[in-house]
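Chains, contacts and geometry: an overview
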Amino acid sequence: MGRHFVTDCEGPISLNDNAQELSAHFIPRGERFFAIVSRYDDFLADVVEKPGYKAGDTLKLILPFLIAFGASNEAVRNYSRSHISLVPGATETLRFVGKRMASFIISTSYEPYIEALCEVVGFPMERAFSTEVDFDRYPLDPEEGAWLRQTAEELAGMEMLQWPGHAGGSGDLAAEHRRVLRQLDRIFWQAIPRMRIGRILNEVNPVGGAEKARALVRSLEGTGHDLADVMYVGDSITDTEALRLVKDRGGLAVSFNGNGYAVRSAQICCMSKDARIIAFLAEAFNREGRDGALDLVESWESGNLARVSTEGGLMDWLSSLPEKDFPRMERVSGTDLTRLIAASESFRRSVRGEQVGSLG
């Protein structure tokens, strides 16, 4: 079957950030709490490159706090199933591509959410990778629970960690942000590891960063494909290693409404309210490989859409769009990178909202 298609979930397929939404649901001031921890995650993964830490490990850092506020397997599953929000055209895109290419979802999200999403869009769960966690496996001592609930409130009240673009470590931070960093380090790498529930930090392995790249390689098993056959679609810091791996090995790396991390790691930057733009790229890639997809983008930029596939009603959908909703596609180039990142991040926030769209 054709070539090989892999997509992240949150961003290209759904508008959700399930971990952020769970935090907001279970934890008082949970949106702010999650933003603080997510920003800390970006610093550890991208700036200091903490040994043994990877982008997306936010999902294990927040687990003790979710459990302290009553998160269980059933509660998380029920909430996730009732709050799925799909990108328009996502179901149609997965069906279109799934008929032509071996297709996989690789997501940092918790497994209960991915199970629910696969049910909604009719995607086979056996072709989805996600973060496995058993909330009920970790009983909480009353004293630990009280400390975690109090600390969650303190975290939500912290100043957002900031650093200059050239930062390579804590020494490059302003004094007030070094204090914030020390507070966060004490909470996550001293206090929680000493608790009984602290084992959760060692036992849960979020599928982000290098784990996404490893899952991508595992998805190739038994398909007869190699990395040059892969089109990978991502949107955030958790996708950068998979995007780079595909790009370096001759495949196609695509940012869909991505932040700066994703755009810098991709060959193509897509900005669209509808996921069916992904189907256009996948069709070109499946037929003609990376060069064909890149030629399509160049035609797109010039307004020459004569070579765009008309299969599956895609051209009918495209021709019906008002000009303001017409998808944008551009090749990522070093000379235009700053402008492209700014445009993609602005579009991302307009589609997913300021809170979620600003996360790493």
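Fair warning: this is a prediction, and the values are worked out from it, not measured in the lab. (Residues numbered from 1 in each chain as written. Predicted model: local features only at pLDDT ≥ 70, side-chain atom pairs only at ≥ 80, totals over all residues. Heavy atoms only, no water.)

What follows concerns the packing of aromatic side chains. Tallied over the entire structure, the rule returns nine aromatic pairs. With 6.0 Å between their ring centres and 90° between their planes, Y53 and W189 make a pair best called edge-to-face. With Y53 in the loop between α2 (30-47) and α3 (58-61) and W189 in helix α9 (residues 175-191), this pair connects stretches of sequence that are 136 residues apart. Pairwise contacts between aromatic rings join F33, Y40, F65 and F188 into one cluster. Here the basic side chain of R39 rests over the ring of W163, its NZ or CZ set 3.8 Å away from the ring centre. (Phe/Tyr/Trp six-rings, centres within 6.5 Å; stacked < 30°, edge-to-face > 60°. Helix = DSSP H or I, 4+ residues; strand = E, 2+ residues; numbered from the N terminus. Lys NZ or Arg CZ within 6 Å of the ring centre and 35° of its normal.)

Turning our attention to the side chain of S130. One can find S130 in strand β3 (residues 128-131). Looking at S130, the relative accessible area reads 9%, which means it is buried. In contact with S130, not counting residues within four places along its chain, are S107, S109, E111, I114, M125 and V207. (Buried < 20%, exposed > 50% of the residue type's maximum accessible area, 1.4 Å probe, protein only. Contact = heavy atoms within 4.5 Å.)

This part is about the pattern of salt bridges. If the charged atoms of two oppositely charged side chains come close together, the side chains can form a pair. All told, the structure shown has 21 salt bridges when counted by the stated rule. Linked by salt bridges that have partners in common, R328, E330, D336 and R339 make up one network. (Salt bridge = Lys/Arg side-chain N within 4 Å of Asp/Glu carboxyl O.)

Moving on, we come to the environment of F33. The topology assignment puts F33 in helix α2. Using a relative accessible area of 0% as the deciding quantity, one classes F33 as buried. Remark: the alpha-carbon pair of F33 and A45, spanning twelve residues in sequence, is separated by 19 Å. Beyond its immediate stretch of four places on either side in the chain, F33 contacts S23, I27, I62, F65, A152, L155 and A156.

F33, F65, L66, Y110, F135, L155 and F188 are the most contacted members of the largest nonpolar core, which totals 54 residues. Only α1 (18-26), α2, α3, α4 (63-68), α5 (73-82), α8 (142-156), α9 and α10 (200-203) provide two or more residues apiece to this core. If you tally residues by element for this core, the top one is α2, at ten residues. When residues no more than four places from it in sequence are discounted, the contact partners of L66 are L22, S23, F26, I27, A71, Y110 and F135. Counting residues in hydrophobic clusters, the runner-up holds 44 residues, among them A128, L252, L314 and W317. (Core = buried A, V, L, I, M, F, W, Y, C linked by side-chain atoms within 4.5 Å.)

This next bit is on the sheet that holds strand β5 (residues 252-256). In spatial order, the strands read β3-β2-β1-β4-β5-β6-β7; together these seven strands make up an open sheet with mixed pairing. Two strands in the sheet have a free side with no partner beyond their single neighbour: β3 and β7 (328-331). Going from strand to strand, the sheet's axes swing by 15° on average, the running direction of each strand aside. Along the sheet face, helix α11 (residues 210-219) touches β1 (4-7), β2 (102-110), β3 and β4 (230-234) and points at about 155° away from the line of β2. (Pairing = 2+ DSSP bridges. Axes fitted to C-alpha atoms, helices over the stretch in contact; angles between N-to-C directions.)

For the rest of this paragraph, the subject is α5. Regarding α5, the residues found buried are N73, V76, Y79 and S80. The buried side chains of α5 occupy one side of the element, clustering within an arc of 145° when seen end-on. For α5, exposure combined with an orientation more than 90 degrees from the buried face picks out E74 and S82. Buried-residue contacts for α5 involve α1 and α7 (111-121). (Arc of directions from axis to C-beta.)

This part covers the state of the cysteines. Applying the stated criterion to the full structure yields zero disulfides. Free of any disulfide, C269 has its nearest cysteine sulfur in C270, 7.0 Å distant. (Disulfide = S-S within 2.5 Å.)

Together, R178, R179, R182 and R186 make up a region of like positive charge exposed at the surface. Relative to the elements of secondary structure, R182 occurs in helix α9. (Patch = residues over 30% accessible without salt bridge, like charges linked within 9 Å, V, L, I, M, F, W, Y side chains within 5 Å. Areas by Shrake-Rupley, 256 points an atom, 1.4 Å probe, with all protein chains shown as cover. Lys, Arg positive; Asp, Glu negative; His and termini not counted. Charge placed at Lys NZ, Arg CZ, Asp CG, Glu CD.)

Don't take any of this as a statement about function, it's just geometry.
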